[in-house]
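Residue-level structure breakdown
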Amino acid sequence: MIKTSYLFLVLISTILYLPLVTSLVVVCPAGQYNLNDVCLFCPAGSYCPTNTTTPIACLKGSYSETGGTSCTICSSGYYCPSTKALPISCNIGYYSGNNATSCTPCPAGSECPTTDSSPLPCPTGFYSTTGSVICSACPAGSYCFSTNNIPIPCNPGSYSIGTQTNCTLCPSGAYCPFTTQSTVIACQPGTYSLGSQSRCTVCPAGSYCPDITNNTVIACQTGTFASGGATACINCPPGTACPSADGTRNYNCSLGSYSIGNQTSCVRCPIGSACPYTDQNIENVCATGTYSTGGQWACIQCPAGMKCPSTTSVPDSVNDLCPLGTYSIGNQTTCTPCTLR
């Protein structure tokens, strides 16, 4: 009887206790999780839906703060290197899409005016380096054969006025003094250009150049000269000798010599003659009683008291002196005997 009563009491106590146990179960709200019947805030980098016991880690490219109920996607223009921290905005010249863990530098050949959109390719004649916000126009004096390379300076004799993929070559017969301007100047006569030149080539001394578009250089003929930059050689003038084709050694004929033009040297007047002009080949034979030993512009009169039997030699002071009993009043080939009155 006692044993039966004890079992009945135990059964009644168990039935009465069950509602108490059920009413003590802990249910944590969203943003918290249950750890040993204690609700704790969901840690940053995780999210906790209602009545969870284990925080759920955020995926890369998303984040959450402490007490998060869900993870937030990292927006374009930002990056999330950690799931536990707020997004960081991309620097200018960089960009990102959604769910980025880092920003990407804008590639060379493109521009990134905003950090939340894809790069835009540079147009032809423009360029950019890595991390550029905008594309730059290829400057005058340079060319940009590719949008992802820096400008290359034009060589002398070519030019670019800007936004060009190659430099324009200066044409033959002209020169281009500036690489930054389309200034094309025709060569002066006596100079020439084969093209791609920043200045025309001067025709060398001793030659002439008939064409400004090619390097036809023609040497001056004997008796002519050119001092440089010539379209034709100059004839050596009468009365002048021109021994060198460049004209640097030209000289005037001295008295007693002559040149009739186009000569490399002056002609010495021959003995027994006189040459009164340096620019004519007039050789006057000395008259009787005069003489010339050569290289003279006038014949010399035989002096009084002497005889000059030859027009080609100087009278001898011994043999050509008039002896006693003879005389000469000058310009005589013989001495005249004295006569008695």
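Since we're looking at a predicted model, the values are computed, not measured.

Looking only at helices and strands, the chain features 1 helix and 36 strands. What you see for the chain is a C-alpha radius of gyration of 58 Å, clearly larger than the 20 Å of a compact globule of 341 residues, by over 25%. Viewed in the frame of its principal axes, the chain has a C-alpha envelope of about 225 × 35 × 25 Å. Within the chain, the proportion of its 341 residues that are buried is 31%. The contacts in the chain between residues at least 6 apart in sequence include a share of 24% that link residues at least 24 apart. Counting 8 positive and 10 negative side-chain charges, the chain places the centres of these two groups 10 Å from one another.

Applying the stated criterion across every chain yields a total of 19 disulfides. What pairs with Cys253 in a disulfide is Cys266, and their sulfur atoms sit 2.0 Å apart. Across the S-S bond of Cys253 and Cys266 the torsion is about -90°, and the bridge reads as left-handed. Note that Cys253 is positioned in the loop between strand E28 (251-252) and strand E29 (257-258) and Cys266 in the loop between E29 and strand E30 (267-268), a separation of 13 residues in sequence. For the pair Cys253 and Cys266, one class covers both residues: buried. Here Cys322 pairs with Cys335 through a disulfide, and the sulfurs are 2.0 Å apart. Of note, the bridge from Cys322 to Cys335 carries an S-S torsion of about -90° and is left-handed in sense. Separated by 13 residues along the polypeptide, Cys322 in the loop between strand E34 (300-301) and strand E35 (326-327) and Cys335 in the loop between E35 and strand E36 (336-337) bring together distant segments of the chain. The same class applies to Cys322 as to Cys335, namely buried.

Time to look at the environment of Thr231. Tracing the sequence through the fold places Thr231 in the loop between strand E25 (224-225) and strand E26 (234-235). The spacing of Thr231 and Tyr208 is 23 residues in sequence and 4.9 Å in space, taken between C-alpha atoms. The residues contacting Thr231, other than those within four sequence positions of it, are Pro189, Gly190, Tyr208 and Cys209.

Bringing the environment of Cys335 into the picture now. By relative accessible area, which is 17% here, Cys335 ends up buried. Sequence separation between Cys335 and Val314 is 21 residues; the distance between their C-alpha atoms is 16 Å. When near neighbours in sequence (up to four residues on either side) are disregarded, Cys335 contacts Lys307, Cys322, Pro323, Thr326 and Tyr327.

Our next topic: the environment of Glu111. Among the secondary structure elements, Glu111 is positioned in strand E11 (residues 110-111). Sequence-wise, Glu111 and Gly330 are 219 residues apart; in three dimensions their C-alpha atoms are separated by 110 Å. Once you skip the residues sitting within four places of it in the chain, Glu111 turns out to touch Cys106, Pro119, Leu120, Ser132, Val133, Ile134 and Cys135. Within the structure, the side chain of Glu111 is placed 2.8 Å from the backbone nitrogen of Cys135, a separation counted as a polar contact.

Of the pairings in the sheet, the one linking strand E1 (residues 32-35) to strand E2 (residues 38-41) comprises 4 bridges and is antiparallel in character. Following the sheet pairing, Leu35 is matched in E2 by Val38. Two successive antiparallel strands, E1 and E2, enclose a turn made up of 2 residues, where Asn36 displays a positive phi of approximately 55°.

Attention now moves to unusual backbone geometry. Of note, the phi angle at Asp37 is positive, near 60°, even though the residue is not glycine. Tracing the sequence through the fold places Asp37 in the loop between E1 and E2. A positive phi angle is found at Ser196, which is not glycine, with a value near 60°. If you trace the backbone, Ser196 turns up in the loop between strand E21 (191-192) and strand E22 (201-202).

Moving on to the confidence of the model for the chain. Across the chain, pLDDT averages 93, with 93% of residues at or above 70. When the criterion is pLDDT under 50, residues 1-22 qualifies, and its contacts beyond four places in sequence or with other chains add up to 0 contacts.

Take a nonpolar patch on the surface next. Taken together, the side chains of Leu35, Val38 and Leu40 define a hydrophobic patch exposed on the protein surface, amounting to about 220 Å² of accessible area. Using a relative accessible area of 41% as the deciding quantity, one classes Leu35 as partly exposed.

Before going further, it helps to spend a moment on the side chain of Ser146. Structurally, Ser146 can be placed in the loop between strand E15 (142-143) and strand E16 (152-153). Here Asn148 takes part through its side chain, which lies 2.4 Å from a polar atom of the side chain of Ser146. Discounting residues that sit within four places of it in the chain, Ser146 has contacts with Phe126 and Tyr127.

This brings us to the side chain of Ser292. Take Ser292: it is sitting in the loop between strand E33 (290-291) and E34. The class of Ser292 is buried, set by a relative accessible area of 0%. Engagement of the side chain of Ser292 in a polar contact is seen with the backbone oxygen of Ser273, the distance being 2.8 Å. Discounting residues that sit within four places of it in the chain, Ser292 has contacts with Pro270, Ile271, Gly272, Ser273, Cys286, Cys299, Thr311, Thr312 and Ser313.

Conventions we followed
- Residues numbered from 1 in each chain as written.
- Predicted model: local features only at pLDDT ≥ 70, side-chain atom pairs only at ≥ 80, totals over all residues.
- Heavy atoms only, no water.
- Helix = DSSP H or I, 4+ residues; strand = E, 2+ residues; numbered from the N terminus.
- Rg over C-alpha atoms; globule rule 2.2 N^0.38 Å.
- Buried < 20%, exposed > 50% of the residue type's maximum accessible area, 1.4 Å probe, protein only.
- Contact = heavy atoms within 4.5 Å.
- Lys, Arg positive; Asp, Glu negative; His and termini not counted.
- Charge placed at Lys NZ, Arg CZ, Asp CG, Glu CD.
- Disulfide = S-S within 2.5 Å.
- Polar contact = N/O pair within 3.5 Å; in protein donor to acceptor, adjacent residues only side chain to side chain.
- Pairing = 2+ DSSP bridges.
- pLDDT = per-residue confidence, 0-100.
- Patch = residues over 30% accessible without salt bridge, like charges linked within 9 Å, V, L, I, M, F, W, Y side chains within 5 Å.
- Areas by Shrake-Rupley, 256 points an atom, 1.4 Å probe, with all protein chains shown as cover.
- Salt bridge = Lys/Arg side-chain N within 4 Å of Asp/Glu carboxyl O.

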